[in-house]
Amino acid sequence: MSVITTQRQGDILVITSNNPPVNALGAAVRQGLAAAIEELNGDDSLKAAVIRCEGRTFFAGADITEFGKPMQEPGLPTLVDQIEASEKPVVAAVHGTALGGGCEVALACHYRIAVPSAKFGLPEVKLGILPGAGGTQRLPRVAGVKFALELAAKGDPVPAKVAQAAGLVDRLADEDSLTPDAVAYASEIAAARPLPRASEKPVQVEDGVFDAFRKENARRMRGFDAPAEIIDVIEQTVSLPYAEGVQRERAGFMKLIMGTQSAAMRHIFFAERKAAKIDDVPEDTKLRDIKRVGVIGAGTMGGGISMNFLSAGIPVTIVEMQQEALDRGTGTIRKNYEASAAKGRLKPEQVEGAMGLLKPTLSLDDLADCDLIIEAVYENMDVKKDIFGKLDKIAKQGAILASNTSYLNIDEIAASTSRPQDVLGLHFFSPANVMKLLEIVRGAKTAHDVLATAMDVAKRIKKVAVVAGVCHGFIGNRMLMPRQVEANKLLMEGATPQQIDKVHVEFGMPMGPFQMADLAGVDIGWHRDPTRIESIRDALAAENRWGQKTKAGFYDYDDKRTPSPSPRVAEIIEEFRKKSGAQQHEVTDQEIVERTLYPMVNEGALILEEGMAQRASDIDVVWIYGYGWPVYRGGPMFWADTVGLKTIVEGLEKHGFTVAKLLKDKAASGGRFNG
């Protein structure tokens with residue numbers, strides 16, 4: 001069956017795309033649309049056309065699988081020009097999302113009608129590229145420069161009503177009658193001339209709009225090539241004729257798509273989808289039914305974990321040991337929801353709906369009817385084993401038992417039950433209701449259907465899930481450890497916390513190792529004995545320098561938590577340097593990269609060697625979504641490929657590291673971790 005069909009409704013030609021799942025603008029769709037526009041203009045009895053889509057959405061963008069391959073004609077730029085050049089009016093009838101190329105198709109149509117629930121967007125920037133089919137040229141002409149910058153340089157979609165206010169949507173239809181409303185609209189404007197062609201409209205530009213936009217979004221766009229290029233393209237072409245502007249857009253598109261950043265961002269786009277596949281678990285594995293979830297612990301993690309399920313409409317039983325802790329935890333959940341409501345992200349009835357699904361209790365026995373139980377207490381193996389031993393007696397048969405541990409051995413925890421096949425790790429990242437990553441830790445005896453169900457649950461609560469094996473720290477924290485060890489060694493050899501942190505921030509990390517320690521709390525894991533000073537961290541903790549919460553850690557902080565270098569920390573480091581006898585030298589920024597980031601790649605290679613991660617791209621997903629690795633560098637393993645594995649090996653050997661066999665072998669053969 002053809003993906004594009006045409007049907008006459010009186011003198012209106014209704015052009016329909018049916019290309020599941022999202023009507024991607026692949027070659028067959030483009031060819032079908034081009035033929036339909038020819039049909040419209042070749043038949044004198046037709047007065048106008050409506051372009052609509054079957055299924056859940058209007059065209060949701062280009063077919064990304066065509067990237068990097070020779071483009072089959074007509075290309076999207078040719079197609080949209082053909083639609084706009086039609087001698088008869090064309091109306092876009094939009095439901096679902098009109099994204100990327102879909103938005104550019106809508107812009108090329110002479111009129112746009114949409115249902116209120118529809119969204120419009122140009123998300124190409126999130127793949128490190130810019131709209132390449134006239135989007136940077138038509139949108140400023142239709143909806144103004146400021147709106148075009150927002151849509152194209154940020155990449156976030158907007159609702160139809162916002163698009164209508166900007167001029168991108170001409171009319172709103174009823175949710176249930178888009179096609180008849182669009183046909184009626186087409187009949188109404190069929191004779192209107194001249195046709196409103198976007199490319200022929202003048203651009204209205206306010207003074208200072210570009211500088212203001214750059215300044216306003218400097219932090220968000222730091223390090224990214226694509227947003228800067230998009231702003232430049234629009235700024236440089238507002239006063240040019242459309243044809244010249246499109247040439248500049250095309251040059252910008254080609255520059256970006258050939259660059260490393262776009263390759264990295266497209267790598268992560270595909271890597272996220274690959275991570276959902278478990279190599280040895282059949283896709284048709286029957287899932288367990290998860291209707292109610294239990295969470296043990298109402299602290300920061302337990303509360304955040306609970307919110308994921310409540311927001312997805314899944315009832316939660318939350319357990320604490322003391323009434324005060326339970327009240328505090330449930331109060332924090334409510335406060336978080338009410339803060340979202342105050343920002344307009346939730347309606348008051350949604351807050352009450354979520355809270356109505358929460359059952360607080362002081363008794364583990366109340367978990368007996370739960371299908372999935374997640375333990376979220378502090379990191380102590382004896383405590384966790386005790387809880388799982390109790391759960392073994394309380395939980396119903398077939399219930400999945402999960403630990404939110406970030407380091408501990410899941411197999412040891414599972415062994416404290418009579419049902420190790422039902423046990424796995426669900427490592428949420430803090431804050432658990434915000435962070436997208438979920439490490440799913442597969443025990444030696446975890447059943448296939450338990451693993452498959454956990455992956456499905458992750459999708460239901462909008463998490464990006466990655467399967468990890470049982471080892472200390474799993475994937476993410478295991479790779480973090482060598483970075484932290486080397487950062488501390490570098491302090492002993494002459495570097496300062498601010499120099500090391502600056503290198504990481506300039507690399508694209510949200511913060512460096514010592515800024516991160518101050519945010520998390522220098523006292524985390526501290527033995528609490530102020531007389532026992534075995535490390536710089538011990539010395540800081542003993543002086544109540546616990547980080548941002550005490551306004552002093554590796555840095556000093558003012559009332560707004562702005563950091564500044566600390567003379568006292570410099571003294572403490574100097575004392576330790578003298579005691580350690582470490583060789584002092586001038587530490588360069590490059591040495592910091594080689595000694596803190598290269599060892600992470602090495603640890604990633606060991607993780608792959610040991611089968612603790614399924615694929616290198618899974619490691620990249622963990623670091624992008626769990627630790628803020630810059631997406632434009634594609635994750636540590638992809639980044640290593642771009643630096644060159646031979647360079648990584650040479651750097652590691654220069655500093656005396658033992659290089660993983662897999663890394664060494666790949667470097668010797670000119671191989672890569674990804675592709």
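Right, let's walk through the structure included here. (Residues numbered from 1 in each chain as written. Predicted model: local features only at pLDDT ≥ 70, side-chain atom pairs only at ≥ 80, totals over all residues. Heavy atoms only, no water.)

1. As for the pattern of salt bridges
Within this structure, the stated rule accounts for 50 salt bridges. Two residues, Asp371 and Lys396, come together in a salt bridge whose shortest N-O distance is 2.6 Å. Of this pair, Asp371 sits in the loop between strand E12 (358-361) and strand E13 (372-375) while Lys396 sits in the loop between helix H16 (381-394) and strand E14 (400-403), and the two are 25 residues apart along the sequence. Assessed through its relative accessible area of 10%, Asp371 is described here as buried. On the basis of relative accessibility, which here comes to 33%, the residue Lys396 falls in the partly exposed class. Its salt-bridge partner being Arg568, residue Glu543 comes within 2.6 Å of it at the nearest N-O pair. You can see Glu543 sitting in the loop between helix H22 (536-542) and strand E18 (555-557) and its partner Arg568 sitting in helix H23 (residues 567-580), a full 25 residues away along the chain. (Salt bridge = Lys/Arg side-chain N within 4 Å of Asp/Glu carboxyl O. Helix = DSSP H or I, 4+ residues; strand = E, 2+ residues; numbered from the N terminus. Buried < 20%, exposed > 50% of the residue type's maximum accessible area, 1.4 Å probe, protein only.)

2. Some words on the packing of helix H19 (residues 476-493) against helix H20 (residues 497-507)
With their axes 9 Å apart at the nearest point, H19 and H20 run at an angle of 140° to one another. Taken together, the axis directions place H19 and H20 in an arrangement best described as oblique. As for how H19 packs across H20, the hand of that crossing is right-handed. Residue-level contacts link Arg483, Ala487, Leu490 and Leu491 of H19 to Pro497, Ile500 and His504 of H20. The class makeup of the residues in the contact of H19 with H20 is five nonpolar, one polar and one charged. (Axes fitted to C-alpha atoms, helices over the stretch in contact; angles between N-to-C directions. Parallel < 35°, antiparallel > 145°, perpendicular 65-115°, else oblique. Left-handed = near helix turned anticlockwise from the far one by under 90°. Contact = heavy atoms within 4.5 Å. Nonpolar A, V, L, I, M, F, W, Y, C, P; charged D, E, K, R; others polar.)

3. Things to note about empty space enclosed by the protein
As enumerated under the stated definition, the model contains one cavity of 30 Å³ or more in all. Computed from the structure, the largest cavity encloses a volume of approximately 50 Å³. Lining the largest cavity we find Ile290, Phe309, Leu372, Ile400, Leu426, Phe428, Leu438, Thr453, Ala454, Val457 and Ala458. Among the elements that line the lining of the largest cavity, the one with the most residues is helix H18 (residues 448-460), at four residues. Tallied by class, residues from the lining of the largest cavity come to 10 nonpolar, one polar and no charged. (1 Å grid on protein atoms, 1.4 Å probe; cavity = no way out; pocket = protein on both sides within 12 Å on 5 of 7 lines; lining within 4 Å. Points joined across faces, edges and corners; volume = space filled by probe spheres on them.)

4. Some points on the packing of aromatic side chains
Inspection of every chain in the model, using the stated rule, returns 13 aromatic pairs. Consider the rings of Phe58 and Phe59, whose centres lie 4.8 Å apart with planes at 65°: the pair is edge-to-face. Each member of the pair Phe58 and Phe59 is classed as buried. A centroid spacing of 4.2 Å and a plane angle of 20° characterise the contact between Trp623 and Tyr627, whose relative ring orientation is stacked. Here Trp623 and its partner Tyr627 are both found in helix H26 (residues 616-627), four residues apart, which amounts to about one turn of the helix. Judged by relative accessible area, Trp623 falls into the buried class, the value being 0%. Taking the relative accessible area as the measure of exposure, Tyr627 reaches 15% and is therefore buried. Clustering of aromatic rings is evident, with ring pairs tying together Phe429, Phe507, Tyr598, Trp623, Tyr627, Trp629 and Trp639. Here Arg273 stacks its cationic end above the ring of Phe269, 3.8 Å away from the centre of that ring. (Phe/Tyr/Trp six-rings, centres within 6.5 Å; stacked < 30°, edge-to-face > 60°. Lys NZ or Arg CZ within 6 Å of the ring centre and 35° of its normal.)

5. Description of unusual backbone geometry
The omega angle of the peptide bond from Arg193 to Pro194 is 0°, so this bond is cis rather than trans. For Pro194, the position within the fold is in the loop between helix H7 (178-189) and helix H8 (209-216). Cis geometry marks the peptide bond from Ser430 to Pro431, where omega comes out at -5°. Mapped onto the fold, Pro431 is located in the loop between strand E15 (423-428) and strand E16 (437-441). Within the chain, Asn23 stands out as a residue other than glycine whose phi angle is a positive 55°.

6. Quick word on the environment of Asp327
Note that Asp327 resides in helix H14 (residues 323-342). Residues Asp327 and Lys277 lie 50 residues apart in sequence; the distance between their C-alpha atoms is 40 Å.

7. Section: the sheet that holds strand E7 (residues 119-121)
In spatial order, the strands read E5-E7-E8; together these three strands make up an open sheet with mixed pairing. What marks the edges here is a single partner per strand, and that holds for strand E5 (97-99) and strand E8 (158-159). Each of E5 and E7 is contacted by helix H3 (residues 101-108), which is oriented at about 95° to E5, the strand it contacts most. (Pairing = 2+ DSSP bridges.)

8. Some remarks on helix H28 (residues 645-654)
Those residues of H28 that fall on the buried side of the exposure criterion are Leu645, Ile648, Val649, Gly651 and Leu652. For H28, the angular spread of buried residues about the axis comes to 165°, placing them on one side. Facing away from the buried side of H28 by more than 90 degrees, the exposed set consists of Lys646 and Lys654. Contact partners of the buried residues in H28: helix H25 (598-609), helix H27 (636-643) and helix H29 (661-668). Gly656 sits one or two residues past H28 and shows a positive phi near 85°. (Arc of directions from axis to C-beta.)

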